[in-house]
Amino acid sequence: MSLPERKRIDTKILVSLGIACILIFFAVYYAEHREVKSAYTLAGRTLEASGDVSSYQFDIQSNISMMEESFSLIRGNGSVDYSNENMAVRLRSMADSIDFIVVNGTAYLKNGDTSWETKKLNQKMWSSYDQLTTTNLLLANSTNLSMEKTDAYFILTAFPDNNALIAEAEKAGLQLKGDERLNEYYIRYLIEKKGYRIISIESHIEFMMNIQGLMSPVTINNRVDVYNYNAKIEIEAPPMKAD
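For the structure given in this document, a descriptive report is provided here.

Reading the values: the criteria
Residues numbered from 1 in each chain as written. Predicted model: local features only at pLDDT ≥ 70, side-chain atom pairs only at ≥ 80, totals over all residues. Heavy atoms only, no water. Helix = DSSP H or I, 4+ residues; strand = E, 2+ residues; numbered from the N terminus. Buried < 20%, exposed > 50% of the residue type's maximum accessible area, 1.4 Å probe, protein only. Contact = heavy atoms within 4.5 Å. Polar contact = N/O pair within 3.5 Å; in protein donor to acceptor, adjacent residues only side chain to side chain. Salt bridge = Lys/Arg side-chain N within 4 Å of Asp/Glu carboxyl O. Axes fitted to C-alpha atoms, helices over the stretch in contact; angles between N-to-C directions. Parallel < 35°, antiparallel > 145°, perpendicular 65-115°, else oblique. Left-handed = near helix turned anticlockwise from the far one by under 90°. Nonpolar A, V, L, I, M, F, W, Y, C, P; charged D, E, K, R; others polar.

**Structural notes on the side chain of Thr 135**
So, step 1. You can see Thr 135 is positioned in helix α4 (residues 131-140).
So, step 2. Given the relative accessible area of 8%, Thr 135 is considered buried.
So, step 3. Ignoring any residue separated from it by four or fewer positions in sequence, one finds Thr 135 in contact with Tyr 189, Ile 198 and Ile 201.

Take a look at the structure:
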């Protein structure tokens, strides 16, 4: 085979490879950026995007309405660093405050003005304060989803089951007896259109509860705003008093 013929064949191979690469690129691009038409597709992409998060920060507020009165249950904020497995959370209620810090596998806990206590970290302890992971578990286990679109965001609404209601109510400090009747429960996610990251999570629970012998309506509204994704976060252990 002459040199010119070999060059022509090599050129054909290079052109074919180039076309193949372009087709693969556009196929991948289309798969990642095609229009989301299903709430379940959106949920899948949101969970996938959350899997790439190395750190985040959040603000949280929770309110309860019962017996024709409204109360602030919890307000607070926190930072979660998955890459170093560190966390710092501060929560405040009307009567108390909780500080929770995790550094190098050790959990530090302080209630109000008391001294810091150290505890061995376990998964349940971490999950109690890790808002994003808890949210993802609820989303992954929701079989009833709906979706809306705005210019900049998706609004994904999930309707969890009764077990999730019990978990949320007990997290808010309510001791349920089993005779409660659920009226309404949904979780609404505000999700950015470009990166499918969760911007905020709002949960709304309405149920009838036995209060002092009477079945009374109770409403719990909870909101978590998530921001500073993948930012560098410095979390240090608290100063401990010498024995």
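**Some remarks on the environment of Asn 86**
So, step 1. Structurally, Asn 86 can be placed in strand β3 (residues 86-92).
So, step 2. What makes Asn 86 buried here is its relative accessible area of 9%.
So, step 3. For Asn 86 and Ser 55, which are 31 residues apart along the polypeptide, the C-alpha to C-alpha distance reads 9.4 Å.
So, step 4. In this structure, Asn 86 is in contact with Ser 79, Val 80, Asp 81, Val 102, Val 103, Asn 104, Trp 126 and Ile 235, ignoring residues within four places of it in sequence.
So, step 5. Within polar-contact distance, the side chain of Asn 86 engages the backbone nitrogen of Asn 104 at 3.3 Å.

**Considerations on the pattern of salt bridges**
So, step 1. Counting across every chain of the model gives five salt bridges.
So, step 2. The shortest N-O distance in the salt bridge between Glu 117 and Lys 119 comes to 3.8 Å.
So, step 3. Note on Glu 117: relative accessible area 44%, which makes it partly exposed.
So, step 4. In this structure, the salt-bridge partner of Arg 223 is Glu 202, at a minimum N-O distance of 2.4 Å. Highlighted residues: Arg 223 in strand β11 (residues 214-227) and Glu 202 in strand β10 (residues 198-211), separated in sequence by 21 residues.
So, step 5. Judged by relative accessible area, Arg 223 falls into the partly exposed class, the value being 28%.
So, step 6. Judged by its relative accessible area of 32%, Glu 202 falls in the partly exposed class.
So, step 7. Salt bridges linked by common partners bring Glu 202, Arg 223 and Asp 225 together as one network.

**What to know about the packing of helix α2 (residues 39-50) against α4**
So, step 1. Relative to each other, α2 and α4 sit at 155°, their axes nearing to 11 Å. Taken together, the axis directions place α2 and α4 in an arrangement best described as roughly antiparallel. Seen from above, α2 lies across α4 with left-handed handedness. Two secondary-structure elements touch here, α2 through Ala 43, Thr 46, Leu 47 and Ser 50 and α4 through Leu 132, Asn 136, Leu 139 and Ala 140.
So, step 2. Partitioning the contact of α2 with α4 into residue classes produces five nonpolar, three polar and no charged.

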